[in-house]
Amino acid sequence: MADVLVIEDNEQNLYLVTFLLEKHGHTVIAAHDGAEGIGLALQTLPDLILLDIQLPVMDGYAVARALRKNPLMDATPIVAVTSYAMAGDRERVLEAGCNGYIEKPIDPDTFVSRIFAHVKNGRTAAPDGL
Ligand code: MN
């Protein structure tokens, strides 16, 4: 079972992700913006970070880059969750330091297994669909 930091500004998405992770026995630490997320990451040292890309003030790319600069966070799996559908976003997500990429809308039946597939594969794994 994993301690998962979820950085997500949308309450409905946060509720759904929390519900799904807890249903599978994981523990959720919730952050509502990038600054709070970085603070909680360093404070709680989670096993995994789920990172919304569309966040106010500091977007998910900036959050991922900031996390990767910290030696405490350079190996923690980060999985981006985003509704962006534009070409190039997968590359941007990986370049920012994320391990993988899951698109919204979230599929409740496969979400948790897809997250942990990224973790198992490690940072060099191809994102979904590639
Ligand atoms: Mn968002």
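Conventions used here
Residues numbered from 1 in each chain as written. Predicted model: local features only at pLDDT ≥ 70, side-chain atom pairs only at ≥ 80, totals over all residues. Heavy atoms only, no water. Helix = DSSP H or I, 4+ residues; strand = E, 2+ residues; numbered from the N terminus. Buried < 20%, exposed > 50% of the residue type's maximum accessible area, 1.4 Å probe, protein only. Contact = heavy atoms within 4.5 Å. Areas by Shrake-Rupley, 256 points an atom, 1.4 Å probe, with all protein chains shown as cover. Donors = N, O, S within 2.8 Å, 3.2 Å for Na, K, Ca; no water. Core = buried A, V, L, I, M, F, W, Y, C linked by side-chain atoms within 4.5 Å. Pairing = 2+ DSSP bridges. Axes fitted to C-alpha atoms, helices over the stretch in contact; angles between N-to-C directions. Phe/Tyr/Trp six-rings, centres within 6.5 Å; stacked < 30°, edge-to-face > 60°. Lys NZ or Arg CZ within 6 Å of the ring centre and 35° of its normal.

Asks: What should I look at first to understand the overall build of the protein chain in this one?
Replies: A tally of helices and strands in the protein chain yields five helices and five strands. Secondary structure elements in the protein chain, listed N-terminal to C-terminal, are β-α-β-α-β-α-β-α-β-α. Looking at the protein chain residue by residue over its 130 residues, the buried ones come to 46%. Sequence-distant contacts in the protein chain: of pairs separated by 6 or more residues, those separated by 24 or more amount to 60%. Accessible surface computed for the protein chain: about 6500 Å², of which carbon and sulfur atoms make up 54%.

Asks: Hey, could you run me through unusual backbone geometry in this one?
Replies: Trans peptide bonds make up the majority, and among non-glycine residues the majority have a negative phi. Between lysine 104 and the following residue, proline 105, the backbone shows a cis peptide bond with an omega angle of 0 degrees. With respect to the helices, strands and loops of the structure, proline 105 is situated in the loop between strand 5 (100-103) and helix 5 (111-121). At leucine 45, a residue that is not glycine, the phi angle is positive and equals roughly 45 degrees. Tracing the sequence through the fold places leucine 45 in the loop between helix 2 (34-44) and strand 3 (48-52).

Asks: Would you mind showing me how to read the coordination of the manganese ion here?
Replies: Looking at the metal site, the manganese ion is ligated by Asp9 (OD), Asp52 (OD) and Gln54 (O), spaced 2.0 to 2.2 Å from it. Here the donor residues of the manganese ion are spaced in sequence according to D-x42-D-x1-Q. One end of the pair, aspartate 9, is in the loop between strand 1 (3-7) and helix 1 (11-23); the other, glutamine 54, is in the loop between strand 3 and helix 3 (60-69), with 45 residues separating them in the sequence. Relative accessible area serves as the criterion here: at 35%, aspartate 9 is assigned to the partly exposed category. With relative accessibility at 33%, the residue glutamine 54 sits in the partly exposed group.

Asks: Teacher, can you tell me more about the nonpolar core here?
Replies: Here is a general trend for soluble globular proteins: nonpolar side chains tend to be buried in one another's company. Counting residues in hydrophobic clusters, the biggest one holds 22 residues, and the most contacted among them are Leu5, Ile7, Ile49, Leu51 and Leu67. For this core, the secondary structure elements donating two or more residues are strand 1, strand 2 (27-31), helix 2, strand 3, helix 3 and strand 4 (78-82). The greatest single-element share of this core, amounting to four residues, is contributed by helix 3. Setting aside its immediate chain neighbours within four residues, leucine 67 contacts Ile38, Ala41, Ile49, Met73, Asp74 and Ile78.

Asks: Even after reading the chapter, I still don't get the sheet that holds strand 2, so can you show me in this structure?
Replies: Paired through backbone hydrogen bonds, the strands of a sheet run either parallel or antiparallel to each other. The strand order across the open sheet built from five strands is 2-1-3-4-5, with neighbouring strands paired in parallel fashion. Edge positions in the sheet fall to strand 2 and strand 5, since each of these pairs with one other strand and no more. In this sheet, neighbouring strand axes are inclined to one another by 25 degrees on average, regardless of whether the strands run parallel or antiparallel. Pairing geometry for strand 4 and strand 5, over four bridges, is parallel. Considered in strand 5, the bridge of threonine 82 is made with glutamate 103. Docked against the sheet, helix 2 engages strand 1, strand 2 and strand 3, running at close to 140 degrees with respect to strand 2.

Asks: In this structure, what is going on with the packing of aromatic side chains? I would like to understand it.
Replies: For any pair of aromatic rings, the description consists of the separation of the ring centres together with the inter-plane angle of the planes. This structure, assessed with the given rule, holds zero aromatic pairs. Residue placement shows arginine 92 over the ring face of tyrosine 61; its charged tip is 3.9 Å from the ring centre.

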